[in-house]
Amino acid sequence: MKLTDTEKQDILRYIDADKPLPDKYRFLLFEDKREVELVWNGKTGEVCNIVLPFQTIEQVDEPRVEKGEQDQDSGFGELFDPRGRQMGGWTNKLIWGDNKLILSSLKNGPMREEIERQGGLKLIYIDPPFDVGADFSMDIEIGDETFTKKPNILEEIAYRDTWGRGADSFIAMMYERLLLMRDLLADDGSIYVHCDWRVNSLLRLALDEVFSRSAFVNEIVWKRRGGALNNFRSLGAVTDTIYLYRKSESARFDALKTLESEEVKQYIKERFVYDDGDGRLYSRDPVTNPSAKPTASLIYEYKGYKPPAKGWAFSQDTMQSWDESGKLYFPADKSQRIRRKTFLDEYEGQPVQNLWTDIYVINSQAMESVGYPTQKPESLLERLLAISTQRGDLVADFFCGSGTLAAVAEKLGRKWICTDLGKFAIHTTRKRMIGVQRQLKAEGKDYRAFEILNLGKYERQHFVGVNPNLREEEQRKQLEQKEADFLALILRAYRAEPTTGFGSFNGKKAGRLVAVGPVNLPVTRLFVEEIILECRKKHITKVDILGFEFEMGLFPNVLDDARSKGIDIAPKYIPAEVFDKRAVEKNQVVFHDVAYIECKPIVKEGKKGQPATVAVELTDFSVSYAQDSIAGAEQTLKNKGSKVVVEKGQIVKVSKSKAGVVSREVLTQKWTDWIDYWSVDFDYESKREIIRIKDPETDETKEQWTGDYVFENEWQSFRTRKDRSIELISAPLECEPGTPHRRKIAVKVVDIFGNDTMTIVEVTVPGGKR
């Protein structure tokens, strides 16, 4: 370090006074040569390195045959196509959870080896929540009405962590994730970051830091809106920004051409004005660089070069422009210059530049629309994938929303990984991808299976966030205090008494022990298994588990396991009202049960050489959701106003007339109104759930059975924006010939809020054909 004596003394004075050093000393004391740097409160270079196992909770291998479809070869009707077009090898991944933990587990865990075997991750596209007003709310269609579902607690915490401190918290969230994405990206990979005027300047500087300024390729400006915006204090914002960075110079880049931009349309209108006599329009363009090396699009009729199929347009005087050495020159007389004849029906368009005006936003009636608020057009993602990938490449989106990248990747023959924190986003993507599979199957094209995964085995320190800038001992104290405050709040709202002397339990109520799940993570299988273990050791038989969210696929297996051991577990959702002091004081907080499914198997014996079959009928589904209240809506509504609320498992529209008369209309008239999707696994225990765990001592990867099974999605029915109907009886499964036997059938229901519930029924399967 080249410090003067004065600078050294200055530093000592700051240290003695326990004051922070001025910024100039960061550059004098350390070897960081960055001339420009984005700085924010709490900035750190530390990156998450946690590795959690991925748990497979559902696999979709074959989409069902559409109703009425008949397989001529096999005779199967309204059943499963035994041929299929599923491709082997890689299975696409749809992962629910915090993308920071997912990225860290992908980068440092066993799945990294699987990614590298596919050639590495060639492209990442992200469209992060750059709108400070976005809060994970979702509009749910109920008949002709729309209900706005508020975010759950996990989503509210994610929003707080993203925008709680404004730009500071947003860029802190993005910076760490960009570092993880950079390290996960293949050396010849590219990343596209989609944003708008709110955060594009911040993200550009962050990307320069993470990938380096030399890795910058393009700032793509996408005109996403047409018409005019009536802004009186500013110009209308009609564009988004997409930053393209590459990991290295070897990243793929294929230049594209377009026929759709306004400039190309104008060019066609002005230049393609000649008619060859049979109605084909063409242009006559001068050759601007006649001595250049011939290319596929510019070939001269000279010394063996073949002209295009339709030929060039030459005049008799044109040949005089060839000199004796075989090179072209332009005669002084413009009329004698070579002109190329280009037919409109063979014209490929102009090269795509960084201003995109030829891709339009999705309107509500578009076939690809799934009604998701941040959904981007498939044509936008098609262009990005065409520029930076080829068929068979692996691509990823870690803020997948409605699953547009997954849909486009599947159609273009790319492999994919998509993740999101919202259950509704995961459910929307699941339905969309089953629809894509059905489409590709109908077209006779290949597609890949996909699986839905959870992150499991969360550690205690992930439950409650603490200030990372504190010393270790201070972090421990803050963690303990936060946990204590949180538990006291929940127990008070649940009207339970605090208790001590247990490892898993926090309180007791009406003869039942109470365990409270984490504040910012779902209740996981590991959490429940630890409860069961303590129950067996201490002979506890009745337990309530309270959680803001429960791991996908958690029930009913874990409850059945507890019941077989003599333990009655009642899982209950913690409502957002626990944070309303007035609601707690007035005892108005209701902890509702998880959803309940009733179904029955339909078994038909085989007759006259026909195989026996098994189908499933969905007979009932009940929920206990609550959001807002009827009484609250009646008090706050203005005349001629209305509000949709959820109370005691019913969605109710509360209206107030011009005269102030209040009326109520129940929108969920039937139990089926709550169902958005359901599916069947006809042989539930046929595939064990295996997780891969890396041994920290030997660094070897070991496979381990979790004790659970993977739900193999064999049949499904769901609502779409175009078809709101849902079938209540599954297609029949033909039974293999053999001895009658018992098997378990799993039925999964996803409600209109995106929450899943599963039940299992046992059935005796007939022995097939007689």
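Residues numbered from 1 in each chain as written. Predicted model: local features only at pLDDT ≥ 70, side-chain atom pairs only at ≥ 80, totals over all residues. Heavy atoms only, no water.

Caption draft 1: Fine view of the packing of helix α10 (residues 404-411) against helix α11 (residues 423-442). Axis separation between α10 and α11 bottoms out at 10 Å; the angle between their running directions is 15°. It follows from the interaxial angle that α10 and α11 lie roughly parallel. For the pair α10 and α11, the crossing hand works out as right-handed. Residues T404, A406, A407, E410 and K411 of α10 form the contact with α11, whose participating residues are R432, M433, V436, Q439 and L440. When the residues that make up the contact of α10 with α11 are grouped by side-chain class, the tally is 5 nonpolar, 2 polar and 3 charged. (Axes fitted to C-alpha atoms, helices over the stretch in contact; angles between N-to-C directions. Helix = DSSP H or I, 4+ residues; strand = E, 2+ residues; numbered from the N terminus. Parallel < 35°, antiparallel > 145°, perpendicular 65-115°, else oblique. Left-handed = near helix turned anticlockwise from the far one by under 90°. Contact = heavy atoms within 4.5 Å. Nonpolar A, V, L, I, M, F, W, Y, C, P; charged D, E, K, R; others polar.)

Caption draft 2: Spatial organisation of the sheet that holds strand β25 (residues 613-622). Strand order in this open sheet of 3 strands is β24-β25-β34, and the pairing throughout is antiparallel. The sheet terminates laterally at β24 (596-604) and β34 (733-734), the two strands that pair on one side only. In this structure, β25 lies alongside β34, joined through 2 bridges in antiparallel fashion. In the sheet register, V614 faces β34, and the bridge partner there is L733. (Pairing = 2+ DSSP bridges.)

Caption draft 3: Here's a closer look at the packing of aromatic side chains. All chains considered together, the criterion is met by 21 aromatic pairs. An aromatic cluster is built from F211, F216 and Y245, whose rings are joined through pairwise contacts. A cation over an aromatic ring shows up here: K509 above the ring of Y494, its NZ or CZ 4.1 Å from the ring centre. Taking NZ or CZ as reference, R688 lies 3.8 Å from the ring centre of W705, over its face. (Phe/Tyr/Trp six-rings, centres within 6.5 Å; stacked < 30°, edge-to-face > 60°. Lys NZ or Arg CZ within 6 Å of the ring centre and 35° of its normal.)

Caption draft 4: Structural view of unusual backbone geometry. The residue after F555, namely P556, is reached through a cis peptide bond having omega 10°. Within the element layout of this structure, P556 appears in the loop between β21 (542-547) and α14 (557-564). At D18, a position not held by glycine, the phi torsion is positive, near 55°. Along the chain, the position of D18 falls in the loop between α1 (5-16) and α2 (24-29). A relative accessible area of 71% places D18 in the exposed class. A positive phi angle, close to 50°, is found at A510, a residue other than glycine. Relative to the elements of secondary structure, A510 occurs in the loop between β19 (507-509) and β20 (512-516). Overall, the relative accessible area of 78% leaves A510 in the exposed class. (Buried < 20%, exposed > 50% of the residue type's maximum accessible area, 1.4 Å probe, protein only.)

Caption draft 5: Local environment of helix α9 (residues 378-388). Along α9, 8 of the 11 residues are buried, which leaves the element largely enclosed by surrounding structure. Those residues of α9 lying buried are E378, L380, L381, R383, L384, L385, I387 and S388.

Caption draft 6: How the structure looks around α1. For α1, spanning 12 residues, the distance from its first C-alpha to its last is 17 Å, which sits close to the expected 16 Å at 1.5 Å a residue. All buried positions along α1 are accounted for by E7, D10 and I11. All buried residues of α1 project into a common sector of 100° when viewed along the axis, lining one side. Residues of α1 that are exposed and point over 90 degrees away from its buried face: D5, T6, L12, R13 and D16. Note on α1: the residue one or two positions beyond its end, D18, has a positive phi of about 55°. (Expected span 1.5 Å × (residues − 1). Arc of directions from axis to C-beta.)

Caption draft 7: Molecular detail of the sheet that holds strand β27 (residues 650-656). An order of β26-β27-β28 is seen for the 3 strands of this open sheet, with the pairing classed as antiparallel. Looking at the sheet topology across the chains shown, the edges are occupied by β26 (642-647) and β28 (662-666). Averaged over all adjacent pairs, the angle separating strand axes in this sheet is 25°, with direction ignored. Two elements, β27 and β28, share 5 bridges in a ladder whose sense is antiparallel. By the bridge assignment, K653 is partnered in β28 with E665.

Caption draft 8: Spotlight on the environment of R724. Position of R724 relative to the elements: it lies in the loop between β33 (715-718) and β34. What makes R724 partly exposed here is its relative accessible area of 34%. Placed 48 residues apart in sequence, R724 and D676 show a C-alpha to C-alpha distance of 8.7 Å. Residue contacts for R724: discarding those within four places in its chain leaves E141, D676 and R719. Polar contacts involving the side chain of R724 include one to the main-chain carbonyl oxygen of T720, which spans 3.2 Å. (Polar contact = N/O pair within 3.5 Å; in protein donor to acceptor, adjacent residues only side chain to side chain.)

Everything listed is a geometric property; what it means functionally is a separate question.
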